[in-house]
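# Structural features, examined
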Amino acid sequence: MADTQWQPQPGGSLTGTYQQKCSQLKQACHTDLSSDIKERTFTLLGGNATLLYVDGMADAAQVTKYILFPCQTAPAPREGCDLYDHLVCSVLPLGVVQRTYQTDSALSALFGGDALMVVDGVDGVMILDVKGYASRGISTPSDETVIVGPHEGFTETLRNNLTLLRRLMRSPALIAEPISVGSKIPKQLFLLYLHDIAPDESVQELKRRIHGCNVDYVFSMGALEQLLEDQPFALLPQAVYTERPDRACSFLLEGQVVILMENAPYAMAMPAGLPHLLHAPDDSAMRWQYGSFLRLLRMFGLILALLLPALYVALTTFHPQGLPVTLMTSILETQSKVPLTLFPSMLIMLFVFCLINEAGTRVPGALGSGLSIVGGLILGQAAITANLFSPLVIIVVALSGLGSYAAPSYSLTLSIRLAQFFLLILSGLFGFLGLIGGLFLLLMRTSALTSLGYPANAPLMPKRPANPDDMLRFPIWRQRLRGTLSNPYHMDRTRGKMRAWDHRRKP
Amino acid sequence: MKLTQTATQVHSPSSQLHQRWEAYVSDQYKLSALSLLAQLWLSHSLFLTDRVSTPSYLSMLLILAPASALYLWTLLLSRQVKKDTGILTALLPRMLGRGLEWLIALSLLTDAVFLLCGVSSLLGDILPTLRHYLIAPLIALFAASSLMRNQPFALIRLAGFLFFPLLAGITLSSASALQEGSAAHFFPLLGKGASSICMGTVWLCGNLGSICLPLLMPGEEAALRRMRQKGKRRGMLALLACMLFSALISAMYTYLLSPYALSDAASVGMRLLMPVQISSSIPGWSLYVCALILLLLIAYSGSVSRCAAFFSGHCTKEKHAPDWLIAIVILFTVPCAVFYSHRLQNLLIDLLPYRIIPYLISLLFTSAGAAFQWIKARKQA
């Protein structure tokens with residue numbers, strides 16, 4: 001019963017008398033129970049008016065300066081002038097003043113930081129933009145640090161995030177469509193895309209999916225991703241996150257759709273796939289030789305992380321002919337002192353590594369370094385001294401851990417770790433058969449992955465016309481295509497040479 | 001369609017669609033080429049190495065001539081019959097109807113059995129601790145779980161992606177063994193004699209023909225119709241290149257192995273592993289084994305999915321075989337591999353080349369029909 005009372009009635013109208021509208025609104029927002037909802041009744045041009053706002057969400061100073069003071073000192077309207085028009089044109093010095101007849105939109109505005117004003121003699125309810133809630137200032141991105149490139153990151157405030165993007169892309173082509181998700185407590189989103197460059201199918205499909213999310217409340221961007229993705233059981237993510245406005249702009253320029261959400265300090269881009277997850281933000285800001293080298297290094301690290309533990313177990317347990325005799329002898333010598341066989345040792349060590357990593361992430365910053373010393377050095381050294389684990393196992397786990405840290409995306413790191421366990425178990429049970437069979441299975445699932453209906457790993461699997469900016473990063477002046485995700489009519493970034501001044505070569 | 005291209009023909013949804021079709025067909029050819037290569041590798045190690053002996057590479061080179069002649073003949077025929085399709089696909093279905101699809105499906109089923117037997121024998125040799133009867137079901141399980149739920153698309157994409165890395169891996173690892181070989185293995189130049197070479201050539205013609213001809217069947221027709229002439233030529237060139245590559249592999253095998261090194265009792269695994277067994281390269285062994293298992297697994301999955309597609313009549317891009325049919329095909333291949341024996345191996349080897357006979361008969365009929373049409377057209381003119 002209580003549930004239905006507080007929930008705004010969809011389509012409930014605010015069309016009665018002044019008293020009826022006031023009581024309807026007060027009842028809907030439980031002003032008697034919620035102490036932070038402020039109600040102020042005053043006289044306006046001889047009639048009554050009631051102002052409602054949420055303390056902390058709306059700026060009290062602005063309420064006094066731009067609403068209460070002008071209203072109480074307002075001049076009388078001219079003969080025949082509508083009271084609403086008079087208030088908007090001559091009394092209220094505010095940028096945004098709207099009128100609504102719907103209870104749900106009025107409540108949505110109220111809890112979004114606006115003030116509601118019910119005036120005797122004015123139809124509906126006036127929404128006055130006096131937002132002024134506390135928010136974190138723009139700061140350096142914590143998870144996507146770069147050496148070369150800007151150092152501004154998104155914050156939890158939707159308007160600030162939109163402004164950051166607008167500042168980078170000062171063009172009317174950047175469309176920011178507001179959309180909300182969640183039936184009980186709607187959450188504000190912005191769907192951003194470049195007009196003509198993002199294919200209409202992507203935009204419409206994303207809107208269709210967002211409208212089709214039948215949930216009461218979406219608490220985070222991750223939850224929204226799970227509601228929108230094509231294949232919820234896939235290991236790899238089908239959307240890419242960034243907390244950097246410059247990277248969000250690069251997604252927009254590729255024809256992807258970017259979603260900004262209230263209280264989310266990052267943007268999510270769809271469709272996306274493995275190539276997007278492998279790219280770091282400063283790849284494009286560096287010269288192409290350095291960018292390509294770093295990208296190759298990163299991919300080598302990921303392959304190491306994925307395959308090294310499984311390969312080590314398969315070779316030492318099932319296929320010793322694949323190892324040099326000296327190495328095999330050394331492995332057997334160290335392993336002979338250890339009570340556990342290689343496969344469970346490796347499994348336990350990988351698990352311990354993940355545990356240290358997770359504890360390091362959750363522990364307060366000041367304790368982080370202490371935990372690394374305890375976890376990495378002391379535990380590792382003690383385990384070797386006590387002959388619980390072979391030193392080679394620890395080296396293999398450390399190398400694979402190092403490789404997994406090379407992934408620019410945290411989701412990718414986690415999926416690599418899960419795949420690592422999967423391959424390790426298979427190779428521990430069936431040697432190369434398990435390793436190659438598992439790898440084949442993973443590759444098949446990866447190549448079948450789609451994001452918003454697009455093949456997620458294009459242009460690698462399947463091949464598509466694209467920028468030479470996938471495994472390697474070729475020079476900027478050779479990157480003349482937007483990519484497979486953009487509108488085919490606007491796929492070319494430019495016509496003619498990019499280095500038009502250079503007559504020595506033909507790029 | 002180079003990944004490093006800097007200009008594109010894509011300026012409309014239709015050209016985009018066209019390029020996607022082209023990429024799809026290209027990937028499909030790569031899958032076929034990988035299947036072909038896997039079967040060549042297997043059949044070479046099983047049949048040619050000891051039966052034809054030294055000049056097995058000569059047999060391989062000899063089949064290039066009949067293969068090219070066959071291709072030119074079908075091209076000529078199809079131009080006579082129908083102008084808009086330049087391949088055999090337009091002709092054979094007309095002669096045999098649905099029966100042709102079943103014929104191809106049966107041919108692909110034997111391919112799948114052959115490949116599963118090969119890969120399980122190889123794994124049986126390198127995994128002596130694992131129970132023999134577990135290997136084939138495990139491989140089948142990997143293939144089934146990969147192919148279920150409309151994954152044949154994924155297999156085609158994966159084959160396109162892995163084509164060059166796999167070839168490079170196998171070539172590099174085999175090449176690491178080259179220092180152990182000897183040019184003396186090429187002598188006597190005619191090995192066991194010209195009759196052996198001819199026998200090998202006939203066997204290869206039959207075997208390769210029955211593998212290659214289904215590639216030109218209705219499944220690809222729908223896709224190829226949307227492509228430019230360039231695409232068709234490229235597809236055939238890929239096959240030709242694959243055969244040349246196989247000839248090189250064959251020559252390499254001869255260079256590495258003494259013609260009489262293998263006994264009749266040697267298993268498929270032993271034969272397949274021979275190039276790296278004699279090599280002193282340690283990483284080469286792992287690379288070779290992993291690449292070979294992956295190649296055989298892809299080829300096996302490809303044969304299974306195509307076989308199921310032909311059985312169900314869904315041999316176009318839009319539709320793939322239902323999961324239950326894929327499961328049935330896989331279930332059929334598993335007992336053959338579990339109860340794999342020398343007798344079955346010999347039976348398969350003897351059976352494989354004869355699969356070409358129905359194709360040749362239908363080709364003959366088609367030729368007669370085309371000649372009749374041509375004469376009729378000339379009379380009318």
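Residues numbered from 1 in each chain as written. Chains lettered and ligands numbered in written order. Predicted model: local features only at pLDDT ≥ 70, side-chain atom pairs only at ≥ 80, totals over all residues. Heavy atoms only, no water.

For chain A, the count of helices and strands is 17 helices and 12 strands. A compact globule built from 507 residues should have a C-alpha radius of gyration of about 23 Å, whereas chain A, at 29 Å, is more than 25% larger. Each of the three principal axes of chain A carries a C-alpha extent, and together these read 105 × 65 × 35 Å. Taking as baseline every contact in chain A between residues at least 6 positions apart, the subset at least 24 positions apart corresponds to 65%. Carbon and sulfur atoms make up 61% of the accessible area of chain A, which amounts to about 23600 Å² in all. Here chain A contributes 40 positive and 39 negative side-chain charges, whose respective centroids are spaced 11 Å apart. (Helix = DSSP H or I, 4+ residues; strand = E, 2+ residues; numbered from the N terminus. Rg over C-alpha atoms; globule rule 2.2 N^0.38 Å. Contact = heavy atoms within 4.5 Å. Areas by Shrake-Rupley, 256 points an atom, 1.4 Å probe, with all protein chains shown as cover. Lys, Arg positive; Asp, Glu negative; His and termini not counted. Charge placed at Lys NZ, Arg CZ, Asp CG, Glu CD.)

So, about the pairing of strand 6 (residues 174-181) of chain A. In this sheet, strand 7 (residues 187-194) of chain A lies alongside strand 6 of chain A in antiparallel orientation, the contact comprising 8 bridges. Note on strand 7 of chain A: the bridge partner recorded for V181 of chain A is K187 of chain A. (Pairing = 2+ DSSP bridges.)

Residues L433 of chain A together with Y300 of chain B are the most contacted members of the largest nonpolar core, which totals 127 residues. Excluding anything up to four places from it in sequence, Y300 of chain B contacts A112, L115, L116, I139, A140, A143, I330 and T333 of chain B. Grouped together as the second largest cluster of nonpolar side chains are 32 residues, F154, L194, L252 and A272 of chain A included. (Core = buried A, V, L, I, M, F, W, Y, C linked by side-chain atoms within 4.5 Å. Buried < 20%, exposed > 50% of the residue type's maximum accessible area, 1.4 Å probe, protein only.)

Another aspect to go through is helix 6 (residues 132-147) of chain B. The periodicity of an α-helix, 3.6 residues per turn, causes residues three or four positions apart to be oriented the same way. Taking 1.5 Å as the rise per residue, helix 6 of chain B with 16 residues should run 22 Å; its terminal C-alpha atoms sit 24 Å apart, in good agreement. Looking one or two residues past helix 6 of chain B, R149 of chain B carries a phi angle of roughly 60°, positive in sign. (Expected span 1.5 Å × (residues − 1).)

Residues and elements named next belong to chain B. Considering every residue of chain B, the mean pLDDT works out to 73; 65% of them sit at 70 or more. Per-residue pLDDT, averaged within each element of chain B, yields its smallest value for helix 9 (residues 218-225) (46) and its largest for helix 6 (89). Confidence drops under pLDDT 50 across residues 218-224; counting only partners more than four residues distant or on other chains, this segment forms 22 contacts. Scored below 50 in pLDDT, residues 226-231 shows 11 contacts in the model against residues more than four places distant or in partner chains. Scored as a complex, the prediction yields pTM 0.83 and ipTM 0.82. (pLDDT = per-residue confidence, 0-100.)

This paragraph deals with the environment of S372 of chain A. Assignment of secondary structure puts S372 of chain A in helix 14 (residues 365-385). A sequence separation of 12 residues divides S372 of chain A from G360 of chain A, and the C-alpha atoms of the two residues are 7.0 Å apart.

This part takes up the packing of helix 11 (residues 288-317) of chain A against helix 13 (residues 342-362) of chain A. Residues and elements named next belong to chain A. Where helix 11 meets helix 13, the closest approach of the two axes is 10 Å, and the angle between their N-to-C directions is 165°. It follows from the interaxial angle that helix 11 and helix 13 lie roughly antiparallel. The two elements helix 11 and helix 13 cross, and the hand of that crossing is right-handed. The segment helix 11 lies against helix 13, with P309, Y312, V313, T316 and T317 engaging L342, F343, M346 and L350. Tallied by class, residues from the contact of helix 11 with helix 13 come to 7 nonpolar, 2 polar and no charged. (Axes fitted to C-alpha atoms, helices over the stretch in contact; angles between N-to-C directions. Parallel < 35°, antiparallel > 145°, perpendicular 65-115°, else oblique. Left-handed = near helix turned anticlockwise from the far one by under 90°. Nonpolar A, V, L, I, M, F, W, Y, C, P; charged D, E, K, R; others polar.)

Residues and elements named next belong to chain A. Throughout the structure, instances matching the rule amount to 5 aromatic pairs over all chains. Between Y241 and Y266 the ring centres are 5.3 Å apart and the planes differ by 85°, which places this aromatic pair in the edge-to-face class. Here Y241 is found in strand 8 (residues 240-242), whereas its partner Y266 is found in the loop between strand 9 (257-261) and strand 10 (267-270), with 25 residues between them in sequence. Using a relative accessible area of 28% as the deciding quantity, one classes Y266 as partly exposed. Lying across the ring of Y84, R99 places its NZ or CZ 3.9 Å from the centre. (Phe/Tyr/Trp six-rings, centres within 6.5 Å; stacked < 30°, edge-to-face > 60°. Lys NZ or Arg CZ within 6 Å of the ring centre and 35° of its normal.)

Across the contact, 48 residues belong to chain B and 46 residues belong to chain A. Both faces considered, chain B and chain A share a buried interface measuring about 4400 Å² in area, 71% of it formed by carbon and sulfur atoms. Our enumeration of links across chain B and chain A arrives at 0 salt bridges. Along the contact surface separating chain B from chain A lie 5 residue pairs in polar contact (both at pLDDT 80 or more). With 10 residues, the top contributor of residues to the side of chain B that touches chain A is helix 12 (residues 282-312) of chain B. (Buried area = accessible area lost by both parts, 1.4 Å probe. Salt bridge = Lys/Arg side-chain N within 4 Å of Asp/Glu carboxyl O. Polar contact = N/O pair within 3.5 Å; in protein donor to acceptor, adjacent residues only side chain to side chain.)

Attention now moves to the sheet that holds strand 4 (residues 115-119) of chain A. Residue and element names in this part refer to chain A. Pairing is antiparallel in the open sheet, where 5 strands are placed in the order 1-2-4-5-3. The open sheet terminates on both sides in strands that have one partner only, identified here as strand 1 (37-44) and strand 3 (97-100). Neighbour-to-neighbour, the strand axes of the sheet open up by a mean angle of 25°, direction not taken into account. Here 4 bridges tie strand 3 to strand 5 (residues 125-128), and the two strands are oriented antiparallel to one another. Bridging from a neighbouring strand, T100 pairs with V125 of strand 5. The sheet strands contacting helix 3 (residues 60-72) are strand 1, strand 2 (47-54), strand 4 and strand 5, and the helix crosses strand 1 at an angle near 25°. Helix 5 (residues 103-111) contacts strand 1, strand 2, strand 3, strand 4 and strand 5 of the sheet and is inclined by roughly 60° relative to strand 2.

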